[in-house]
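# Chains, contacts and geometry: an overview
Listed below are the residues making up each chain.
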Amino acid sequence: MVSSLFNPLNIFIVGLGGGFLLPLLNRLGRGWASAAFLVGLVIIALICAASALHVYVSGAPIEILTAGVNPPYAINLRMGLAEGFFATSVSITALLGSIYLRRDKYAVQLLYLILVMGVLGMVMTRDLFNLFVFIEIVSIATYGLLSLRRSPEALAAGFKFLMATVVASTLFLLGTVLLYSETGILNIDDLIAERDTIDGPIAVVSLTMLLGCLLIELKPFPANGWGLDVYETAPGSISALVASVVSAGVFFALLKLFPLFENYVVVIAASGAITFIFANLIGLCQTNAQRLLGYSS
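A few points on the structure. (Residues numbered from 1 in each chain as written. Predicted model: local features only at pLDDT ≥ 70, side-chain atom pairs only at ≥ 80, totals over all residues. Heavy atoms only, no water.)

Below, the discussion takes up the overall build of the protein. Helix and strand counts for the protein come out as twelve helices and two strands. Reading the protein from its N end, one meets helices and strands in the order α-α-β-β-α-α-α-α-α-α-α-α-α-α. With respect to the three principal axes, the spread of C-alpha positions in the protein is 55 × 55 × 30 Å. For the protein, the residues scored as buried account for 48% of the 297 residues in total. Restricting to contacts in the protein with at least 6 residues of sequence separation, those with at least 24 account for 74%. For the protein, the exposed area adds up to about 14,100 Å²; of that, 70% sits on carbon and sulfur atoms. Measuring between centres, the 14 positive side-chain charges of the protein sit 18 Å from its 16 negative side-chain charges. (Helix = DSSP H or I, 4+ residues; strand = E, 2+ residues; numbered from the N terminus. Buried < 20%, exposed > 50% of the residue type's maximum accessible area, 1.4 Å probe, protein only. Contact = heavy atoms within 4.5 Å. Areas by Shrake-Rupley, 256 points an atom, 1.4 Å probe, with all protein chains shown as cover. Lys, Arg positive; Asp, Glu negative; His and termini not counted. Charge placed at Lys NZ, Arg CZ, Asp CG, Glu CD.)

Put into structure tokens, the structure is as follows:
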């Protein structure tokens, strides 16, 4: 059953297929598009839950190789126990948030669906370049959701978000290129297995760029102002998605690459501690509820 109907690869079929179908169904009526939007998210949640249950019962992760070849020529995806937990949590959270968008215009629903698909791709992919692609998908979909609200504050927050994600994406792409030039490897598992041989100034710079991207995406203090503006100006359903689902995807990306960052543990810990302490202290002065929750998250 998991190998066919509930194969994790179907998440991307539903996400991309929904992206094409929603504009067509919207011509028949907004109700048709809203129904397809909710059905798509329900199917994605069921696939994630069924896959996670299968992995838990069988004790073996689901390995997906596209095009009938091995990496690096195939897109390598994995649904293990950790991936299953994160994917199920992300899909259920997104499904609950979608309840508030069922009467919204189809453009919002389309971008929301693509964003969820992109986050799940970040969770499952085992290829460094594909991780960059999914980060870009999530960033573009998020910026689209933020820019659909035409108030000056929302547009300003969206512009700040765009600039921050452009910097982060550039760092990740350059880091990936440099690491590939040094190792000839893009598969994350192979990179981790060969991490003892990844040394030299170029390798150090590449890993620093990759870590810099992920830390920027996680909005550390004091560079979290752009994220707070998003939480404050975006509709509640969108800001909740960005604060929880998108952050969970970036956190899991950091988690899967963490063996490559063994020499940066102090930097990561210090960034987390400073963000936790100072963001919450400054949050005590806030009177806006959404901004206050943004400091906490």
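From this point, things continue past the structure.
Moving on, we get to the pairing of strand β2 (residues 76–79). A regular strand places its side chains so that they alternate between the two faces of the sheet. Going residue by residue along β2, you find Asn-76 and Arg-78 tucked away on one face and Leu-77 and Met-79 tucked away on the opposite face as well. Pairing of strand β1 (residues 62–65) with β2, which is carried by four bridges, proceeds in the antiparallel orientation. If you follow Ile-64 over to β2, its bridge partner there is Leu-77. (Pairing = 2+ DSSP bridges.)

Looking now at the environment of Phe-12. Looking at where Phe-12 falls in the secondary structure, it is placed in helix α1 (residues 10–28). Residue classification places Phe-12 among the buried positions, given a relative accessible area of 10%. Each C-alpha atom, one on Phe-12 and one on Ile-92, is 16 Å from the other, the two residues being 80 residues apart in sequence. For Phe-12, the residues in contact, after removing those within four places along its chain, are Gly-17, Leu-77, Met-117, Gly-121, Met-124 and Phe-134.

On to the nonpolar core. With 81 residues, the main nonpolar core has Tyr-112, Leu-128, Phe-172, Leu-257 and Phe-261 as its most contacted residues. If we skip the residues at most four places from it in the chain, Leu-128 touches Phe-172, Thr-176, Leu-179, Leu-186, Ile-188, Leu-191, Leu-210 and Leu-257. (Core = buried A, V, L, I, M, F, W, Y, C linked by side-chain atoms within 4.5 Å.)

So, on to the side chain of Thr-125. Relative to the elements of secondary structure, Thr-125 occurs in the loop between α4 (106–124) and α5 (128–147). A distance of 3.2 Å separates a polar atom in the side chain of Thr-125 from the backbone nitrogen of Asp-127. Non-local contacts of Thr-125, meaning those with residues more than four positions away in its chain, are made with Asn-76, Leu-77, Asn-130, Leu-131, Phe-134, Ile-188 and Lys-256. (Polar contact = N/O pair within 3.5 Å; in protein donor to acceptor, adjacent residues only side chain to side chain.)

The next thing to look at is the packing of aromatic side chains. Two aromatic rings, taken as a pair, are described by how far apart their centres are and by the angle between their planes. A complete count under the given rule lists seven aromatic pairs for this structure. Relative to Phe-132, the ring of Phe-129 lies with its centre 5.8 Å away and its plane at 40°, an arrangement referred to as tilted. With a gap of three residues between them, Phe-129 and Phe-132 both fall in helix α5, about one helical turn apart. On the accessibility criterion, Phe-129 (36% relative accessible area) is partly exposed. Pairing Phe-261 with Tyr-264 gives two aromatic rings, centres 6.2 Å apart and planes at 90°, and the pair type is edge-to-face. For Tyr-264, a relative accessible area of 14% corresponds to the buried category. Joined through ring pairs, the aromatic side chains of Phe-85, Phe-86, Phe-251 and Phe-252 make up one cluster. (Phe/Tyr/Trp six-rings, centres within 6.5 Å; stacked < 30°, edge-to-face > 60°.)

It is worth spelling out the packing of helix α3 (residues 81–98) against helix α10 (residues 236–257) at this point. The description of two helices packed together rests on the angle between their axes and the distance between the axes. The interhelical angle for the contact between α3 and α10, taken along N-to-C directions, is 170°, at an axis separation of 10 Å. By the angle between their directions, the pair α3 and α10 is classed as roughly antiparallel. Between α3 and α10, the residues in contact are Ala-82, Glu-83, Phe-86, Val-90, Thr-93, Ala-94 and Gly-97 and Ser-237, Leu-241, Ser-244, Val-245, Ala-248, Phe-251 and Phe-252, respectively. A per-class count over the contact of α3 with α10 returns nine nonpolar, four polar and one charged. (Axes fitted to C-alpha atoms, helices over the stretch in contact; angles between N-to-C directions. Parallel < 35°, antiparallel > 145°, perpendicular 65-115°, else oblique. Nonpolar A, V, L, I, M, F, W, Y, C, P; charged D, E, K, R; others polar.)

Right, let's talk about the pattern of salt bridges for a bit. Scanning the model with the defined rule gives five salt bridges in all. Among the ionic pairs, Asp-189 bridges to Arg-78, the shortest N-O distance being 2.8 Å. Here Asp-189 is found in helix α7 (residues 188–193), whereas its partner Arg-78 is found in strand β2, with 111 residues between them in sequence. Judged by its relative accessible area of 23%, Asp-189 is partly exposed. When the shortest N-O distance is used, the salt bridge between Arg-126 and Asp-189 registers 2.6 Å. Of this pair, Arg-126 sits in the loop between α4 and α5 while Asp-189 sits in helix α7, and the two are 63 residues apart along the sequence. Taking the relative accessible area as the measure of exposure, Arg-126 reaches 6% and is therefore buried. One network of salt bridges, in which partners are shared, links Glu-63, Arg-78, Glu-83, Arg-126 and Asp-189. (Salt bridge = Lys/Arg side-chain N within 4 Å of Asp/Glu carboxyl O.)

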